[in-house]
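What follows is the residue order along each chain.
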Amino acid sequence: MKYLAFRGLRKLKTILEMIKFEHTVFALPFALISMVLAADGLPEGRVIFWILVAMVGARSSAMAFNRIADIAYDRLNPRTADRALPRGVLSLSEVWLFTLFSAAAFVFAAYMLNPLAFALSPVALIVILGYSYTKRFTSLTHLVLGLALGIAPVGAWIAVRGQFNLAPIVLSAAVMFWTAGFDIIYALQDIEFDRAQGLFSIPRFLGIRRSLMVSRLFHFAAITLLVLFGAVMSLGGMYFVGTAAAAALLIYEQSLVKPHDISKVDVAFFNTNGLVSIGLLIFTVLDLLIRKGMM
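Quick caveat: nothing in here was measured; it's all calculated off a predicted structure.

(A) Representation of the pattern of salt bridges. For the coordinates displayed, the defined rule picks out 8 salt bridges. Of the charged contacts, one joins R136 and D70 as a salt bridge, the two residues approaching to 3.5 Å between their closest N and O atoms. With R136 in the loop between α7 (115–130) and α8 (141–161) and D70 in the loop between α3 (45–69) and α4 (71–76), this residue pair connects regions lying 66 residues apart in the sequence. By relative accessible area, which is 25% here, R136 ends up partly exposed. A salt bridge links R291 to D287; the shortest N-O distance between them is 3.0 Å. Of this pair, R291 and D287 both sit in helix α14 (residues 265–291), 4 residues apart, which is roughly one turn of the helix. One salt-bridge network, held together by shared partners, links D70, K135 and R136.

Structure follows, in structure tokens:
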């Protein structure tokens, strides 16, 4: 019995490593920003809990499904051939089981939140799972990934208020362009592979130099939308300080990758983007505390 439990935990650890569970930090802070602003503070504990379950379930199912959908390509790509599925460390059935469990957790969490969240949960799943196939037919796959992550702020807002509003849509658009911008940078690594396999991406379509220009335009759009979000929500100076810090981080991220040198893609992608989302959450919470006279 102990052996089975140990084996199960080891499999789970491998799955979490496969889906880069720690990168949940990219989208989760934006959902939490939307949550605290929708509630004008902290909502009740059960709402926080089910939002977290929904977020983790949605991202986990999307990433695991992406590994299933891309297994044939991952076996051929030197950059991804060492992943758990191509190496046979995990079976397809194990990853399918994890995917279905995670998707079910997301839908159940939405059900526990409110009727609108539950009604829209299948739509969200179609977007976040469908992204995995977009690289087969469109170079705009980066924007679809951005939309998949951008669902988070709208979902958190609906979880708290049970209705749509303009503000979270603006924040979601900011997340979409931010994500698409850094995903273009990440995709630079696979230009030759994408060409050989007939896969689509902006780097494959435009080349490195022009793709970096598009990435910068997307990040400029993201910061502009973050400023607009702050104006729509009548946020204070601390939020805009956080937005300025996010802009500085994105400028730094862009400076790390050059048309003749993409060796620092991983630093630009993994480190900087986590700081952007977490930092903006911290400044937003500080702004809320100041406005409430708690600081």
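(B) Examining empty space enclosed by the protein more closely. Tallying each qualifying case throughout the model produces 1 cavity of 30 Å³ or more. The calculated volume of the largest cavity comes to roughly 40 Å³. Lining the largest cavity, in full, are F30, A174, V175, W178, A222, I223, L226, L250 and V276. Mapped by element, the contributors of at least two residues to the lining of the largest cavity are α9 (166–187) and α12 (208–232). Counted by class, the lining of the largest cavity contains 9 nonpolar, no polar and no charged residues.

(C) Region of the structure containing the side chain of T99. Take T99: it is sitting in helix α6 (residues 92–113). In terms of polar contacts, T99 uses its side chain to reach the backbone carbonyl oxygen of V95, at 2.8 Å. Setting aside its immediate chain neighbours within four residues, T99 contacts S61, A64, F65 and I68.

(D) Broad picture of the environment of A156. Relative to the helices and strands, A156 is located in helix α8. In the structure, A156 is positioned 123 residues away from I33 in sequence and 8.7 Å away in space, judged by C-alpha atoms.

(E) Layout of the nonpolar core. One finds F30, I33, W178, L226, F229 and V257 to be the most contacted residues of the largest nonpolar core, which totals 73 residues. Those residues within four positions of W178 in sequence are excluded, and the remaining contacts are F26, F30, H219, A222, L250, N273, V276 and S277. Counting 12 residues, the second-largest nonpolar core is a separate cluster that includes M18, A84, L85 and V95.

(F) Representation of α14 within the structure. In this model α14 runs 39 Å from its N-terminal to its C-terminal C-alpha over 27 residues, within 8% of the 39 Å that 1.5 Å per residue would give. Helix geometry: α14 is bent most strongly at T272, by close to 25°. Of the residues one or two after α14, G293 is the one with positive phi, at around 70°.

(G) Quick look at the environment of T141. The residue T141 is located in helix α8 in this model. In sequence terms T141 and A69 are 72 residues apart; their C-alpha atoms lie 15 Å from each other.

(H) Just a nonpolar patch on the surface, in detail. Together, F164, L166, I169, L228 and V232 make up a nonpolar patch on the protein surface, roughly 460 Å² of accessible area in all. Counting only elements with at least two residues in the nonpolar patch, the list comes to α9 and α12.

(I) A look at the packing of helix α2 (residues 28–39) against α8. Closest axis-to-axis distance for the α2/α8 pair is 8 Å, and the angle between their directions is 30°. Between α2 and α8, the angle is such that the two are roughly parallel. α8 is crossed by α2, and the crossing has right-handed handedness. In this structure, α2 contributes F30, A31, S34, M35, L37, A38 and A39 to the contact, and α8 contributes A152, P153, A156, W157, V160 and R161.

(J) Examining the side chain of H142 more closely. With respect to the helices and strands, H142 occurs in helix α8. The exposure class of H142 is buried, given its relative accessible area of 1%. A distance of 2.8 Å separates polar atoms of two side chains, one belonging to H142 and the other to D183. Discounting residues that sit within four places of it in the chain, H142 has contacts with A180, D183, I184, A187, S201, I202 and P203.

Reading guide: rules and limits
Residues numbered from 1 in each chain as written. Predicted model: local features only at pLDDT ≥ 70, side-chain atom pairs only at ≥ 80, totals over all residues. Heavy atoms only, no water. Salt bridge = Lys/Arg side-chain N within 4 Å of Asp/Glu carboxyl O. Helix = DSSP H or I, 4+ residues; strand = E, 2+ residues; numbered from the N terminus. Buried < 20%, exposed > 50% of the residue type's maximum accessible area, 1.4 Å probe, protein only. 1 Å grid on protein atoms, 1.4 Å probe; cavity = no way out; pocket = protein on both sides within 12 Å on 5 of 7 lines; lining within 4 Å. Points joined across faces, edges and corners; volume = space filled by probe spheres on them. Nonpolar A, V, L, I, M, F, W, Y, C, P; charged D, E, K, R; others polar. Polar contact = N/O pair within 3.5 Å; in protein donor to acceptor, adjacent residues only side chain to side chain. Contact = heavy atoms within 4.5 Å. Core = buried A, V, L, I, M, F, W, Y, C linked by side-chain atoms within 4.5 Å. Expected span 1.5 Å × (residues − 1). Bend = angle between axes of the 7 residues up to and from the residue. Patch = residues over 30% accessible without salt bridge, like charges linked within 9 Å, V, L, I, M, F, W, Y side chains within 5 Å. Areas by Shrake-Rupley, 256 points an atom, 1.4 Å probe, with all protein chains shown as cover. Axes fitted to C-alpha atoms, helices over the stretch in contact; angles between N-to-C directions. Parallel < 35°, antiparallel > 145°, perpendicular 65-115°, else oblique. Left-handed = near helix turned anticlockwise from the far one by under 90°.

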